[in-house]
Amino acid sequence: MRTVNKDLSGNNGLWNEDLAPTTESQRTWRWYHFASLWVGMVMCIPAYTLAASLVEGGMSAWQAVITVFLANAIVLLPMLLIGHAGTKYGIPYAVLARSSFGTAGARLPALMRAIVACGWYGIQTWFGGSMIYTLLGVLMGHSLEGDKIAGLGINAAQLVCFLVFWAIQFWYIFHGMDSIRKLETYTAPLKIIICFVLLGWVYNKAGGFGPILDQPSQFIEGGKKAGQFWSTFWPSLTAMVGFWATLALNIPDFTRFAKSQRDQVLGQSIGLPVPMGLLAMLAVIVTSATVVLYGKAIWDPVDLSSRMTGIAVLVALLILLIDTVSVNLAANLVGPAYDFSALSPKLISYKTGGYITAFIAIAMMPWKILESTQGYIFTWLIGYSALLGPIAGILIIDYYFIRHTQLDVEQLYKEDGKYSYGNGWNMAAIIAFVLGVAPNMPGFLSAAFPASFPGTAEVFKTIYTYAWFIGMAISAVVYGVMMSGKKETLPAVANAS
C-alpha cells in the first residue's frame, strides 16, 4: 500500500479532490465493511429474480442456483485483481484506466461504465418506485391504475412514485462515500434476518416448500427442451457474470478506502459468491411455496409482499425500500459519479457526477428495459457485458503483465506524462477494445433488434452467448501482444510511503 504525499493539485486538467489518491486517514474500510457492502448489494430485487429467469428458461431449481453461484465465483476473480490497484495506490477506476488507455483515452472506458451504471441506477429506482406504488395501493385499499401517459407507457401514479424514490436517494449524493459505507454496514445484518423470517413465513404458511424444488429440468430426456441444456446454460452464465461486470471494473472506487489488501480480498471473497448463491436458493424456495399459497409462481418480491396481510405488508415493503436504496447507491451511483468527474475534473465533482447519473437514469426510461425477461437477460445483461469484458481484460493485462503492479501515480495526473502516450490516447488499448467488442456486435444486434437483423449467421449468435468471456480474452491477448516489451519504469523515490 502506497501513500502519495505529494500535492498533485497543480495538474488541474486531470485532478480534483474526489479523484485524488486516498490518504492513510481515509483508508478505514476493514474486511467486514466489504463483506457487508456485498451482502447489502447482493440482497436486492434484480438479484432475487435472476433465479426466476433461469427456472423459466427450463432449468431445475438446483441448476439455477448452481449457475448463479458459479457465475459469481467467476466474476470475483477480476474484481480481486482490479481491486488490488485501488488498495495499493488509493486511486479510483477512472484514474487506473489512464495507465492503459491514456490520460485522454481513459474517458472512453469511464464513459462506457458510467452509461451502463446509469441504466442500472434507473432500473433500481424503478423497482423502488414500484414498491411505493404498491404500498400506497395497499394502504388505500385499491389499485392506483390509470391511463398510461403517451410516449412513456406508464400511468401518472407510477411516474410520481418513481420520481419520489429517485428524489429520496439524493441525500446520499450530498453525504458521500462514508454515509454509504455506514448504510451498508447497518442494513446488511437486517437483510439476512429478513431472509430467514421470510423462509419461516412461507414454510409455515404453505406447510412446506412447495413443488418447484421437486420440478425436474426441462432439458432431461422427454422434457420440453430435451438436449438443449448447454445452449441455455452458456448465455445464462454470461448474463449472470454480466450482472456484476460493472462492479468488476469500478471496484477500485471502493477498495481505495481499504485498510489493507487482506481486508479487500477477504471481505469480497466472503461477501459475493456465497450470499449470491444463497439468495438464489431463497428465491427458488420462497417462489416454490407461492405455488401452494396462491396457485401460481410469484417471482416478484414486491408482488409477493403486497399479498401478505396486516402489518406484514408494511414491514416487508419498507424493508425492500431500504434495501433498494442501499443497493442502488453503492452499486450504481458511486462508480458513475467518479467516472463523470473524470471526464472533466475541473467542472465535474463527485456530487455533480451523481446528479448527472440520476438525470440520465430518468431519460433512459428503465421500465422499458424491463418489459420482458428476454430483453432483460439477453439484450441488457449480455449486451453490456460485451462492452465491459474487453475493458476488464485490458486493465488486468496492463496492471499485472505490463506494469507488474507498479504505477507512477504522479504521472497518472499529468496531461503530458508517460501515460499520455504522446497525445493522450494509447492506441493499443483502443484497438484491443474494438477487436474485443466487434465479434459480439452481430449477435447483439440480432438479440436487440431481431426484426431488423433477421439474417444474422448462427456463428455470431453463438459467439454472443459467450460475450463477456470472448471479449475479455480477445482484448487481453491483443493488448498484451501490442504492448509486449514495454515495461513500467519508476523514479527511485516515486510514491514513497
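Look above for the structure.
Structural notes on the overall build of the protein chain
Scanning the protein chain for helices and strands turns up 24 helices and zero strands. With respect to the principal axes defined by its C-alpha atoms, the protein chain has extents near 70 × 50 × 45 Å. A total of 497 residues make up the protein chain; the buried ones form 58% of that total. Counted over contacts in the protein chain with a minimum sequence separation of 6, partners at least 24 positions apart contribute 84%. Accessible surface, the protein chain as shown: approximately 19300 Å² in total, 66% of it carbon and sulfur.

Section: helix α6 (residues 107-140)
Since the α-helix advances by 3.6 residues per turn, residues separated by three or four positions end up pointing in the same direction. Its 34 residues place the ends of α6 48 Å apart at the C-alpha level, agreeing with the 50 Å of an ideal helix rising 1.5 Å per residue. Counting buried positions over the 34 residues of α6 gives 24, a clear majority of the element. Phi turns positive one or two residues past the end of α6, at G141, with a value near 85 degrees.

Quick notes on the pattern of salt bridges
In the structure shown here, the tally under the stated rule is five salt bridges. The salt bridge involving K414 is made with E410; its shortest N-O contact spans 3.5 Å. For K414, a relative accessible area of 24% corresponds to the partly exposed category. For K461, the salt bridge is made with E458, and the minimal N-O distance between the two is 3.6 Å. Residue K461 and its partner E458 are located together in helix α23 (residues 458-464), separated by three residues, close to a single helical turn. Classification of E458 by relative accessible area gives exposed; the value is 55%.

Reading the values: the criteria
- Residues numbered from 1 in each chain as written.
- Predicted model: local features only at pLDDT ≥ 70, side-chain atom pairs only at ≥ 80, totals over all residues.
- Heavy atoms only, no water.
- Helix = DSSP H or I, 4+ residues; strand = E, 2+ residues; numbered from the N terminus.
- Buried < 20%, exposed > 50% of the residue type's maximum accessible area, 1.4 Å probe, protein only.
- Contact = heavy atoms within 4.5 Å.
- Areas by Shrake-Rupley, 256 points an atom, 1.4 Å probe, with all protein chains shown as cover.
- Expected span 1.5 Å × (residues − 1).
- Salt bridge = Lys/Arg side-chain N within 4 Å of Asp/Glu carboxyl O.

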